[in-house]
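Read off the chains here:
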Amino acid sequence: MKRTSMLVGLVASAALALTACGGNTSGGASGESAGPGAKAAQGGTLQVLANAGFSHLDPARGFDGGVNNFYRLIYRTLTTQGAAPGADGTKIVPDLATDTGKPSDGGKTWTFTLKDGLFFETGAPITSADVKWGVSRAWDPEVGIGSPYAKQLIDAPASYQGPYKSGDLATIATPDAKTIVFHLKKPYADFGSVVAQNTFTPVPKGQGAGNALDSKPIASGPYKLSEYKPGASLKLVRNDKWDKKTDDVRAANPDAYQWTFGLDPATIDERMIAGQGTDADAIAGTIQAATVARVQTAQLKQRTMSGLGGCTTYMGLNSTKKPLDNVKVRQAINLAVNKQTVRDAVGGSTLAEIATSIQPPTIAGRVDYDPYPSPDHKGDVDGARKLLTEAGFANGFTMTLDTRAQPKMQAMAVAIQQALEPLKITVKINTIDTATYYEVIGTTSQQHDAAITGWCPDWPSGATFLPPLFDGRNITPKGNSNLAQLNDPGVNAKIDEIAKLTDVQAANKAYGELDKQIMALAPVVPLLYEKVLMLVGSNIGGAYLHDGFSGGIDLVSVGLKDSSK
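Residues numbered from 1 in each chain as written. Predicted model: local features only at pLDDT ≥ 70, side-chain atom pairs only at ≥ 80, totals over all residues. Heavy atoms only, no water.

A. The arrangement of the overall build of the protein chain in detail. In terms of regular secondary structure, the protein chain is built from 16 helices and 21 strands. A compact globule built from 565 residues would reach a C-alpha radius of gyration of about 24 Å, and the protein chain, at 23 Å, matches this within 12%. For the C-alpha atoms alone, the extent of the protein chain along its principal axes is close to 65 × 60 × 40 Å. Classification of the 565 residues of the protein chain by burial places 61% in the buried group. (Helix = DSSP H or I, 4+ residues; strand = E, 2+ residues; numbered from the N terminus. Rg over C-alpha atoms; globule rule 2.2 N^0.38 Å. Buried < 20%, exposed > 50% of the residue type's maximum accessible area, 1.4 Å probe, protein only.)

B. Representation of the side chain of Glu121. Within the element layout of this structure, Glu121 appears in the loop between β6 (109-113) and α2 (128-136). Under the relative-accessibility criterion, Glu121 is labelled buried at 16%. A distance of 3.2 Å separates polar atoms of two side chains, one belonging to Glu121 and the other to Lys216. A polar contact of 2.9 Å, which involves the side chain of Glu121, links it to the backbone nitrogen of Ala219. If sequence neighbours within four positions are ignored, Glu121 has contacts with Lys216, Pro217, Ile218, Ala219, Lys224, Asn239 and Lys241. (Polar contact = N/O pair within 3.5 Å; in protein donor to acceptor, adjacent residues only side chain to side chain. Contact = heavy atoms within 4.5 Å.)

C. Quick peek at unusual backbone geometry. Look at the link from Lys322 to Pro323: it is a cis peptide, with omega at 0°. Unusually for a residue other than glycine, Asp105 sits at a positive phi of about 55°. Summarising the element assignment, Asp105 is placed in the loop between β5 (102-104) and β6. Looking at Asp105, the relative accessible area reads 55%, which means it is exposed.

D. Molecular detail of the sheet that holds strand β8 (residues 179-183). Taken together, the four strands give an open sheet; going across it, the order is β5-β6-β8-β7, and neighbouring strands pair in antiparallel fashion. Single-partner strands in this sheet number two, and they are β5 and β7 (172-176). Across the sheet, the mean angle from the axis of one strand to that of its neighbour is 25°, orientation sign disregarded. Against the sheet, α2 engages β7 and β8, with an angle of about 170° to β7. (Pairing = 2+ DSSP bridges. Axes fitted to C-alpha atoms, helices over the stretch in contact; angles between N-to-C directions.)

E. Up close: the packing of aromatic side chains. Applying the stated rule across the entire model yields 20 aromatic pairs. Residues Phe54 and Phe70 carry aromatic rings whose centres are separated by 4.1 Å and whose planes lie at 25° to one another, so their mutual orientation is stacked. Placement of the pair is Phe54 in the loop between β2 (45-49) and α1 (65-74) and Phe70 in helix α1, with a sequence separation of 16 residues. For Phe70, a relative accessible area of 0% translates into the label buried. Every member of this aromatic cluster is reached through a ring pair, and the members are Phe54, Phe70, Tyr71, Tyr75, Tyr223, Tyr257, Trp259 and Phe261. (Phe/Tyr/Trp six-rings, centres within 6.5 Å; stacked < 30°, edge-to-face > 60°.)

F. Summary view of helix α11 (residues 381-391). Among the residues making up α11, those that are buried are Gly383, Ala384, Leu387, Leu388 and Ala391. Down the axis of α11, the sector holding all buried residues measures 135°, keeping them to one side. Facing away from the buried side of α11 by over 90 degrees, the exposed positions are Asp382 and Lys386. Contacts from the buried residues of α11 go to α9 (327-336), β16 (397-404) and β17 (425-432). (Arc of directions from axis to C-beta.)

G. Highlighting the packing of helix α15 (residues 489-499) against helix α16 (residues 504-519). Two elements in contact, α15 and α16, have axes separated by 10 Å at closest approach and are oriented at 175°. The angle between the axes of α15 and α16 places the two elements in the roughly antiparallel class. Touching Gly490, Val491, Lys494, Ile495 and Ile498 of α15 are Ala507, Ala510, Tyr511, Leu514, Gln517 and Ile518, all from α16. Residue composition of the contact of α15 with α16, by class: eight nonpolar, two polar and one charged. (Parallel < 35°, antiparallel > 145°, perpendicular 65-115°, else oblique. Nonpolar A, V, L, I, M, F, W, Y, C, P; charged D, E, K, R; others polar.)

H. Main features of the environment of Asp95. Its location among the elements puts Asp95 in the loop between β4 (92-94) and β5. Residue classification places Asp95 among the buried residues on the basis of a relative accessible area of 0%. As a C-alpha pair, Asp95 and Leu401 span 306 residues in sequence and 41 Å in three-dimensional space. When neighbours within four sequence positions are excluded, Asp95 is seen to be in contact with Arg76, Thr77, Leu78, Thr79, Thr80, Lys115, Thr246, Asp247 and Arg250. A polar contact is formed between the side chain of Asp95 and the backbone nitrogen of Thr77, at a distance of 3.2 Å.

I. Seen up close, the pairing of strand β19 (residues 524-535). β19 sits mainly inside the fold: eleven of its twelve residues count as buried. Inspection of the sheet shows strand β13 (residues 304-308) paired to β19 by five bridges, in the antiparallel sense. Residue Leu308 lies in a different strand from β19, and its bridge partner there is Lys531. Examined bridge by bridge, strand β14 (residues 312-317) and β19 share four bridges and lie antiparallel to one another. Along β19, the bridge assignment pairs Met315 with Val525. Bridge analysis of strand β15 (residues 352-354) against β19 gives three bridges, and the strand direction is antiparallel.

J. Quick look at the pattern of salt bridges. Inspection of the entire model under this criterion finds 29 salt bridges. For the salt bridge of Lys132 with Asp168, the shortest nitrogen-to-oxygen distance reads 2.7 Å. On the criterion of sequence distance, the pair formed by Lys132 in helix α2 and Asp168 in the loop between α4 (162-166) and β7 is long-range, its members being 36 residues apart. A salt bridge links Asp325 to Lys322; the nearest nitrogen and oxygen atoms lie 3.0 Å apart. When its relative accessible area of 68% is taken as the criterion, Lys322 is described as exposed. A network of salt bridges, in which partner residues are shared, links Arg76, Asp95, Asp247 and Arg250. (Salt bridge = Lys/Arg side-chain N within 4 Å of Asp/Glu carboxyl O.)

In structure tokens, the structure reads:
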């Protein structure tokens, strides 16, 4: 799972947003003769207007829908998600590997074989040793702050801290240059999906220490870094060592991608509506709430695409902080939050559905229920007050709520602040820079009482949603996804029980019931299932919303209708 980026101007910073939701599109279905889904030509420079810069260019560090989408332009992994609208985009397909892996030893050992003709941008061949080196970096406490799967699933000594500090990891074998074998802690039926994570990117053996890849990635995909000014701009150009014959996923239509960072979201909307000059060749994130009504004209509507983002936006409640360590206090907050005002803060029903459970509607096996109901989702203050009195906090308390430096996120924080005022709960809003937000709240020593965040599945399974957020054994000092710091023996045991199921459908059904079990402990307040509404330039083709990347435009397929303009 990954954190969402909320797609504000194609923000590339970490935030949850995930993959598995159904993004019904309008005006953007691939293959249409006009509109964003029209056939894309080869060539030209595709412009991307963005609010904030990427969290990290190092694939072991970044972990959100926006940056994951970007990584596929410069990096390849053993497998990856398909390039297609709808459910086809969430299917796991071979990438560097010839297939999605061969299990043995009852699913505890997985073997992958690399394709022929694979090279880094330097011209050096990509070998199994390079894949192993890249994966081993996930254990480095400073570098491996991204996707947690490698560390959670692959067997390794408890003291192992990555190849730079600890050297070789014997549980990943490379018997020859084409073969890599992973030995897991326990059987895992869906490991072929796990190796699609960013941490399974090859890195030349011996390289990539410290911040090296954050300033200069080593490309294995169709593009390489040409110019990077953090927070201002980034340009990718073709990697001539990438061979399309080895890659069934990436269309790689443009000759170059040009990102412009640091733009105010309202400015992005104005430029996209005007569509002048190179902005006709531009894409951006979802539009602002104030812009929704303006794009309803026939002329602009034909340039829009919309659908669910596939993630859950929620408020994590830090169960290690007093009085949030009291379950009745957390339940009271769940009852009191007025989700209608929270939804209004992001633009109303056009841009969000109200969330009642942790898993979003697109997760297989998800159960539709509401454990903390209130009339019209406007909050049950009387019920919340009763719980607070029982907990000994009838006179309220003060808590700090972390949020990002974005108007929408700040508006959501204010809505929560106002909803808790009648309970004498004083909410101090702590605004954090967007580019560093998830790094800060993922550091247990720095996070406060609560944080507004989001999560999206890495593939449409409960396995990618609930264990990373609520398995207490995976709480880490940095890169921590369990913002509630919930470490409940019953939840941990149920996660282990489900992991043993070999029937994927049965496992997903069990995760639906686990959602209920977790919400009884109220570690989070599910807020919204956000939607995206995107406006693209008039010369954009090949565009569709990818269910695997927070409903963002699939960067490996988009291009220009006319590359000569």
